[in-house]
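A look at the structure
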Amino acid sequence: MDEPQVEERPFRRGRRIAVDVGDARIGVASCDPDGVLATPVETVPAGVKSQARIGAIVDEYGAIEVIVGLPRSLSGKEGPAAEKVRAYAARLANRVYPVPVRLVDERMSTVTATHGLRASGVKAKKGRSVVDQAAAVVILQSALEAERVSGRPPGESVEAAG
């Protein structure tokens, strides 16, 4: 018997950087060029210098794309936090241009990351800075999986003002 043919969907090769934008900290993660494994990079303090640091990370890793987690409510609605992240992503798109920036749904990423860290024995107080990185890892893994399944870049594109 012949094996059923599985349609190969194109997957863009190259490192991606994911960011989990918070009011105090921004978690950053990256993946290998084949998009197999997302790993934590660092936690960047939120504020005026954060965009410069993330831009430096994008350059350092030779990223083909930046994935920004978009916080939505469980019902899928966007609130004030999503507005802040959209504005941050727009500024980041201008900073890292011509590297594309994409917004992806990050519902439950911090919860998933926190549970994973707790399960591995990381204490809540000690884990605050790494939870942001872990959330960025969750966001990136989700985006990579979405691209593998659909054959298309994940989420929505953020246009640089240019």
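Definitions and cut-offs
- Residues numbered from 1 in each chain as written.
- Predicted model: local features only at pLDDT ≥ 70, side-chain atom pairs only at ≥ 80, totals over all residues.
- Heavy atoms only, no water.
- Salt bridge = Lys/Arg side-chain N within 4 Å of Asp/Glu carboxyl O.
- Helix = DSSP H or I, 4+ residues; strand = E, 2+ residues; numbered from the N terminus.
- Buried < 20%, exposed > 50% of the residue type's maximum accessible area, 1.4 Å probe, protein only.
- Polar contact = N/O pair within 3.5 Å; in protein donor to acceptor, adjacent residues only side chain to side chain.
- Contact = heavy atoms within 4.5 Å.

Quick word on the pattern of salt bridges
Per the stated rule, a full pass over the model turns up 12 salt bridges. With a shortest N-O distance of 3.3 Å, Lys-84 and Asp-23 are connected by a salt bridge. With Lys-84 in helix α2 (residues 80-96) and Asp-23 in the loop between β1 (16-21) and β2 (25-31), this residue pair connects regions lying 61 residues apart in the sequence. With respect to class, Lys-84 is no different from Asp-23; both count as exposed. With a closest N to O distance of 2.7 Å, Glu-42 and Arg-53 form a salt bridge. Of the two residues, Glu-42 is situated in strand β3 (residues 38-45) and Arg-53 in helix α1 (residues 50-61); the sequence distance between them amounts to 11 residues. On the basis of relative accessibility, which here comes to 22%, the residue Glu-42 falls in the partly exposed class. Beyond isolated ion pairs, a larger network of salt bridges with shared partners links Arg-72, Glu-78, Arg-86, Asp-105 and Glu-156.

Side note on the side chain of Arg-16
With respect to the helices, strands and loops of the structure, Arg-16 is situated in strand β1. Exposure remark for Arg-16: the relative accessible area of 1% places this residue in the buried category. At 2.6 Å, the side chain of Arg-16 forms a polar contact with the backbone oxygen of Gly-14. Of the polar contacts made by the side chain of Arg-16, one reaches the side chain of Glu-147; its length is 3.3 Å. The contact partners of Arg-16, leaving out residues within four places of it in the chain, are Phe-11, Ala-29, Ser-30, Cys-31, Ile-64, Glu-65, Leu-140, Leu-144 and Glu-147.

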